[in-house]
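Here are the chains, one letter per residue:
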Amino acid sequence: MTIDEGQLIAMLSDPSTRRKAFELVVRQYSEQLYWQVRRIVLTHEDANDVMQNVMLKAWTNLDNFRKDSKLSTWLYRIAVNESLDFVRHQKGVNTVSADDTSGVANTLIADRYFDGDETEAQLQEAIAQLPDVQRTVFNLRYFEEMKYSEISQILNTSEGALKASYHIAVKKISEFFKQRD
């Protein structure tokens, strides 16, 4: 059962219905947020960890939701920021070079939760080689089919910069596949 965002926001604003409303938020948005997080952090286990942080941050910051954007946009912003923070932290912790993405396809294929084929794994490998912002813009635009105006709210940047980032990302991914042929 999907509930209108306006109703959810009203329920979240009322202390007597806040907990129930947040349960509905979790049910309604978890899957799409999970896949956005998963495209950034790549593994199921990491995505689950990040999702726990996303939902915890959303719950503890409900009073900071200004209602000047959609609830889904606010949740995506939290999810993207948490995902990027996780990736940055992992780059600092790993002893392997942060730029070494050559194993992404093999890691994904070996992941029991990955249900794509080899081409999908290679696409994810190409995406993993993109800088964080280009990767995020590409994922939101290509996989989530978001409008640039929505992505602009999530990433707090201009639509022109997003269009440029997406164009460059597509070009780099195309080059990746051309080199594989």
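Here is a short report on the structure shown in this document. Everything numeric in this text was worked out from a predicted model, so none of it was measured. (Residues numbered from 1 in each chain as written. Predicted model: local features only at pLDDT ≥ 70, side-chain atom pairs only at ≥ 80, totals over all residues. Heavy atoms only, no water.)

Each pocket or cavity is described by its volume, and for the second largest pocket that value is around 320 Å³. Taken together, 15 residues form the lining of the second largest pocket, with Asn 64, Arg 66, Ser 69, Trp 74 and Arg 77 sitting closest to its centre. Mapped onto the lining of the second largest pocket, the elements with two or more residues apiece are helix H4 (71-93) and helix H8 (148-155). No other element matches H4, which puts 6 residues into the lining of the second largest pocket. In the lining of the second largest pocket, the residues fall into 4 nonpolar, 6 polar and 5 charged. (1 Å grid on protein atoms, 1.4 Å probe; cavity = no way out; pocket = protein on both sides within 12 Å on 5 of 7 lines; lining within 4 Å. Points joined across faces, edges and corners; volume = space filled by probe spheres on them. Helix = DSSP H or I, 4+ residues; strand = E, 2+ residues; numbered from the N terminus. Nonpolar A, V, L, I, M, F, W, Y, C, P; charged D, E, K, R; others polar.)

A word on the packing of aromatic side chains. In total, this model carries 9 aromatic pairs according to the counting rule given. Pairing Tyr 34 with Trp 35 gives two aromatic rings, centres 4.9 Å apart and planes at 85°, and the pair type is edge-to-face. For the pair Tyr 148 and Tyr 166, a centre-to-centre distance of 6.4 Å together with 75° between the ring planes defines the contact as edge-to-face. Of this pair, Tyr 148 sits in helix H8 while Tyr 166 sits in helix H9 (residues 159-180), and the two are 18 residues apart along the sequence. The same class applies to Tyr 148 as to Tyr 166, namely buried. Within the aromatic cluster, the residues linked to one another by ring pairs are Phe 138, Tyr 142, Phe 143, Tyr 148 and Tyr 166. (Phe/Tyr/Trp six-rings, centres within 6.5 Å; stacked < 30°, edge-to-face > 60°. Buried < 20%, exposed > 50% of the residue type's maximum accessible area, 1.4 Å probe, protein only.)

Relative to the helices and strands, Ser 72 is located in helix H4. Side-chain polar atoms of Ser 72 contact the side chain of Glu 5, separated by 3.0 Å. Ser 72 has contacts with Glu 5 and Tyr 29, leaving out every residue within four places of it along the chain. (Polar contact = N/O pair within 3.5 Å; in protein donor to acceptor, adjacent residues only side chain to side chain. Contact = heavy atoms within 4.5 Å.)

With that settled, consider H9. For H9, with 22 residues, the first-to-last C-alpha span of 32 Å sits near the 32 Å given by 1.5 Å per residue. Among all positions of H9, only Leu 162, Ser 165, Tyr 166, Ala 169, Ile 173 and Phe 176 are buried. In an axial view of H9, the angular spread of the buried residues amounts to 100°, which keeps them on one side of the axis. Exposed and facing more than 90 degrees away from the buried side of H9 are His 167, Lys 171, Lys 178 and Gln 179. Looking at the packing, one finds that the buried side of H9 touches helix H6 (118-128), helix H7 (132-143) and H8. (Expected span 1.5 Å × (residues − 1). Arc of directions from axis to C-beta.)

If you check the backbone angles, Leu 42 has positive phi at about 80° while not being a glycine. Note that Leu 42 resides in the loop between helix H2 (18-41) and helix H3 (44-60). Given a relative accessible area of 17%, Leu 42 falls into the buried group. The backbone of Asn 156 sits at a positive phi, close to 55°, despite the residue not being glycine. In this fold, Asn 156 is placed in the loop between H8 and H9.

Turning to helix H1 (residues 5-13), a few remarks are in order. When we look at burial in H1, the residues that qualify are Glu 5, Leu 8, Ile 9 and Leu 12. For H1, the angular spread of the buried residues around the axis is 100°, confining them to a single face.

This part covers the pattern of salt bridges. Per the stated rule, a full pass over the model turns up 9 salt bridges. A salt bridge links Arg 66 to Asp 68; the nearest nitrogen and oxygen atoms lie 3.7 Å apart. Of the two residues examined, Arg 66 and Asp 68, each falls in the exposed class. A salt bridge links Arg 180 to Glu 125; the shortest N-O distance between them is 2.8 Å. (Salt bridge = Lys/Arg side-chain N within 4 Å of Asp/Glu carboxyl O.)

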